[in-house]
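Geometric and topological summary
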Amino acid sequence: MIVWVNGAFGSGKSTLVDELRPRWPEALVHDPEMVGYVLREIVEVPTGNFQDLRLWRRQVADLAVGLVEEYGRPVLVPMTLVNARYVGEIFGVLKDAGIDVHHFFLKVSREVLEERIDGRSFTPDDPEQDDRVRRWCKDRIEACVAAADALPGDTVFLDGELPPRELADRVLARVGAGA
């Protein structure tokens, strides 16, 4: 089983997965961002967004399938994924492999997203890079919010402004897992 936690930058994806981990210890965490960081070290990313690399999408899907097949454990995936074609590509591979995909999208108001992004430090030793990353995240809020309407029909929308514990309760109940 794959539990994909989606939403805009700052919506609480990683926070929710951090809340789920101790309550669902058999679940593995697959952060597709790590795949992007590795690829950036190897190849150029012309658009600046590693999701635009076909290889990133293939590797994310293949690694998720491999984790489920090799370890027989559920996999938590915290990742913003709002391009409908990319969602179809990745989720198609997962479903073709016979893996149940539970897709959650955290809805959060623009104001709260901006507050959360402003409150984060991405590169503490490089304030200029921190500002660039914050701008990049904020520049994508509108597209992330708008994309919610084009996500797969079985997507479960959650209020990302709820406390993480309550969100975790809802996810665990929905997938029939955890404590």
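The sections below set out a description of the structure shown in this document.

Conventions adopted
- Residues numbered from 1 in each chain as written.
- Predicted model: local features only at pLDDT ≥ 70, side-chain atom pairs only at ≥ 80, totals over all residues.
- Heavy atoms only, no water.
- Helix = DSSP H or I, 4+ residues; strand = E, 2+ residues; numbered from the N terminus.
- Expected span 1.5 Å × (residues − 1).
- Buried < 20%, exposed > 50% of the residue type's maximum accessible area, 1.4 Å probe, protein only.
- Arc of directions from axis to C-beta.
- Contact = heavy atoms within 4.5 Å.
- Axes fitted to C-alpha atoms, helices over the stretch in contact; angles between N-to-C directions.
- Parallel < 35°, antiparallel > 145°, perpendicular 65-115°, else oblique.
- Left-handed = near helix turned anticlockwise from the far one by under 90°.
- Nonpolar A, V, L, I, M, F, W, Y, C, P; charged D, E, K, R; others polar.
- Phe/Tyr/Trp six-rings, centres within 6.5 Å; stacked < 30°, edge-to-face > 60°.
- Lys NZ or Arg CZ within 6 Å of the ring centre and 35° of its normal.
- Core = buried A, V, L, I, M, F, W, Y, C linked by side-chain atoms within 4.5 Å.
- Pairing = 2+ DSSP bridges.

Quick look at helix H4 (residues 84-96) now. With 13 residues, H4 extends 17 Å between its outermost C-alpha atoms, agreeing within 8% with the 18 Å of an ideal straight helix rising 1.5 Å per residue. Along H4, the residues classified as buried are Tyr86, Val87, Ile90, Phe91 and Leu94. For H4, the arc enclosing every buried residue in end-on projection is 110°, short of the 170-degree limit, so these residues lie on one face. Facing away from the buried side of H4 by more than 90 degrees, the exposed set consists of Arg85 and Asp96. The secondary structure elements touched by the buried residues of H4 are strand E1 (2-7), helix H3 (54-71) and strand E4 (101-107). Downstream of H4 by one or two residues, Gly98 has phi in the positive range, about 80°.

Turning our attention to the packing of helix H2 (residues 32-42) against H3. Two quantities define a packed helix pair, namely the angle between the helix axes and the distance between the axes. At a minimum axis separation of 10 Å, H2 and H3 run at an interaxial angle of 135°. Here H2 lies oblique to H3, going by the angle between them. Like other packed secondary-structure pairs, H2 and H3 cross with a definite hand, here right-handed. The segment H2 lies against H3, with Pro32, Val35, Gly36 and Leu39 engaging Leu55, Trp56, Gln59, Val60 and Leu63. A breakdown of the residues in the contact of H2 with H3 according to their chemical character gives 7 nonpolar, 2 polar and no charged.

All right, on to the environment of Arg174 then. By secondary structure assignment, the location of Arg174 is in helix H8 (residues 164-175). Along the sequence, Arg174 and Trp136 sit 38 residues apart, while their C-alpha atoms lie 33 Å from each other. Not counting residues within four places of it along the chain, the set of residues in contact with Arg174 comprises Phe104 and Val156.

The next point concerns the packing of aromatic side chains. Applying the stated criterion across every chain, the model contains 5 aromatic pairs. Taken together, Tyr37, Phe50 and Trp56 form an aromatic cluster joined through their ring pairs. Above the plane of the ring of Tyr86 lies Arg57, whose end atom (NZ or CZ) is 4.0 Å from the centre. Looking at Lys107, its charged tip hangs above the ring of Phe157, at a distance of 5.2 Å from the centre.

Judged by nonpolar contacts, the single largest core of 41 residues is most densely connected at Ile2, Trp4, Trp56, Leu81, Ile90, Phe91 and Leu94. No other element matches H3, which puts 7 residues into this core. Not counting residues up to four positions away in its chain, the partners in contact with Ile2 are Ala64, Val68, Val75, Val77, Leu94, Ile99, Asp100, Val101 and His102. Leu76, Phe104, Leu167 and Val175 belong to the second-largest nonpolar core, a separate cluster that totals 19 residues.

Before going further, it helps to spend a moment on H3. Given a rise of 1.5 Å per residue, 18 residues ought to cover 26 Å, and the 26 Å separating the end C-alpha atoms of H3 matches this to within 8%. For H3, the set of buried residues is Trp56, Arg57, Val60, Ala61, Ala64, Val65, Leu67 and Val68. Mapping the buried residues of H3 onto a view down its axis gives an arc of 160°, with all of them on the same face. Summarising the geometry of H3, the exposed residues directed more than 90 degrees from the buried face are Arg54, Glu69, Glu70 and Tyr71. Residues of H3 that are buried make contact with E1, strand E2 (28-29), H2, strand E3 (75-78) and H4.

Counting buried positions over the 7 residues of E4 gives 5, a clear majority of the element. Two strands pair when backbone bridges link them, and E1 and E4 are joined in this way by 6 bridges, in the parallel orientation. Residue pairing for E4: Val3 is matched across the bridge by His102.

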